[in-house]
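Residues per chain, in single letters:
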Amino acid sequence: MDSPFYPKRLKPSARKESSHSLKEVIESMLKVYQIQGKYEETFVSAHWEEIMGKPIAARTQKVYVHQQKLFLQINSAPLKKELMMAKQKMIELINKHAKSDLIKDVVFL
């Protein structure tokens, strides 16, 4: 029932065939500009506290990734030794969180 006071209800428009989601556009842009790898490398630094937890993040001075190697500078010797022994588990945890095979090795500075 249409009235002069209320406009007609419009049906939601369907997505056009030529349109893409924002995610698809960003992914293609990263590939075109060849910065996908760099974007993934910064993921670990940006999410370090979320991945490893506050206690480890608080004792970490530097975190960066270069050529699938994670470089860490830890200011606690006991924590550094513990992380060295759990290196493979840490790699698996980071790769699981990143949902890709991002890290192959960990280097302690």
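Preceding block: the structure.
Residue indices follow the written sequence of each chain, beginning from 1 at its first position. The predicted nature of this model means local features are confined to residues of pLDDT at least 70 and side-chain atom pairs, given and counted, to a pLDDT of 80 or more, with totals for whole chains, interfaces and linings taken over all residues. Side-chain calculation: all heavy atoms of the structure are included, whereas hydrogens and water are not.

Student: Help me out: how do you make sense of the sheet that holds strand 3 (residues 105–108) in this one?
Tutor: To summarise the sheet geometry, strands pair through backbone hydrogen bonds and adopt either a parallel or an antiparallel arrangement. Pairs of strands are assigned from DSSP output, requiring at least two bridges between the strands. Helix and strand labels come from DSSP, where a helix needs a run of H or I of at least four residues and a strand needs a run of E of at least two; each type is numbered from the N terminus. Pairing within the open sheet is mixed, and its 3 strands lie in the order 1-2-3. Among the strands making up the open sheet, the edge pair consists of strand 1 (60–66) and strand 3. Within the sheet, the average angular offset between the axes of one strand and its neighbour, ignoring direction, is 20°. By the bridge criterion, 4 bridges tie strand 2 (residues 69–74) to strand 3 in an arrangement that is parallel. Its bridge partner being in strand 3, Phe71 is matched across the sheet by Val107. Contacts were defined at the residue level, with two residues in contact if any of their heavy atoms lie within 4.5 Å. Fitted lines through C-alpha atoms serve as axes, helices being fitted only where they are in contact, and the angles separating the N-to-C directions of these axes extend from 0 to 180 degrees. Along the sheet, helix 2 (residues 36–46) contacts strand 1 and strand 2; its crossing angle with strand 1, the most-contacted strand, is approximately 165°.

Student: Would you take a moment to explain the layout of surface pockets for this structure?
Tutor: Unfilled space is identified by rolling a water-sized probe across the atoms. Grid spacing is 1 Å over the protein atoms alone, the probe is 1.4 Å, and a cavity is where that probe fits but cannot get out, while a pocket is an open set with protein on both sides within 12 Å along at least five of seven lines and lining residues have an atom within 4 Å of a point. Grid points are joined across faces, edges and corners, and a volume is the space filled by probe spheres set on the points. Taken as a whole, the largest pocket spans an internal volume of roughly 370 Å³. Going through the elements one at a time, helix 1 (22–32), helix 2 and helix 6 (87–98) are the ones with two or more residues in the lining of the largest pocket. Classifying every residue of the lining of the largest pocket by side-chain character gives 6 nonpolar, 3 polar and 4 charged. Residue polarity is assigned by list, with Asp, Glu, Lys and Arg as charged and Ala, Val, Leu, Ile, Met, Phe, Trp, Tyr, Cys and Pro as nonpolar; anything else, Gly included, falls into the polar class.

Student: What is the right way to read the environment of Val44 from this model?
Tutor: Structurally, Val44 can be placed in helix 2. Counting along the chain gives 26 residues from Val44 to Leu70, while the straight-line C-alpha distance between them is 8.6 Å. The residues contacting Val44, other than those within four sequence positions of it, are Val63, Val65, Leu70, Ile94, Leu102 and Ile103.

Student: How should the pairing of strand 2 be read in this particular structure?
Tutor: Moving residue by residue along a regular strand, the side chains alternate between the two faces of the sheet. Pairing of strand 1 with strand 2 involves 6 bridges; the strand directions are antiparallel. Within the sheet, the bridge partner assigned to Tyr64 lies in strand 2 and is Phe71. If you look at the hairpin formed by strand 1 and strand 2, you'll find 2 residues sitting between the two strands, and Gln67 has a positive phi there, around 50°.

Student: Is there a simple way to think about a nonpolar patch on the surface in this case?
Tutor: Put simply, a patch holds well-exposed residues, over 30% relative accessible area, that have no salt bridge, with like charges counted together within 9 Å and Val, Leu, Ile, Met, Phe, Trp or Tyr side chains within 5 Å. Residue exposure ignores everything except the shown protein chains as possible cover, and the areas themselves are Shrake-Rupley values with a 1.4 Å probe. Salt-bridge detection follows one rule: a side-chain nitrogen of Lys or Arg within 4 Å of a carboxyl oxygen of Asp or Glu. A surface patch of nonpolar side chains, about 630 Å² in accessible area, is lined by Leu22, Ile26, Met29, Val32, Tyr33 and Ile35. On the secondary structure map, Tyr33 appears in the loop between helix 1 and helix 2. Given a relative accessible area of 59%, Tyr33 falls into the exposed group. Type-normalised accessible area, obtained with a 1.4 Å probe on protein chains alone, sets the label of each residue: buried when under 20%, exposed when over 50%, and partly exposed for intermediate values.

Student: Mind showing me how you'd approach unusual backbone geometry here?
Tutor: The phi angle of most residues is negative, glycine excepted, and most peptide bonds adopt the trans form. Unusually for a residue other than glycine, Gln67 sits at a positive phi of about 50°. Summarising the element assignment, Gln67 is placed in the loop between strand 1 and strand 2. On the basis of relative accessible area, Gln67 is assigned to the exposed category, the value being 62%.

Student: What is the right way to read the side chain of Glu41 from this model?
Tutor: By secondary structure assignment, the location of Glu41 is in helix 2. A relative accessible area of 15% means that Glu41 is categorised as buried.

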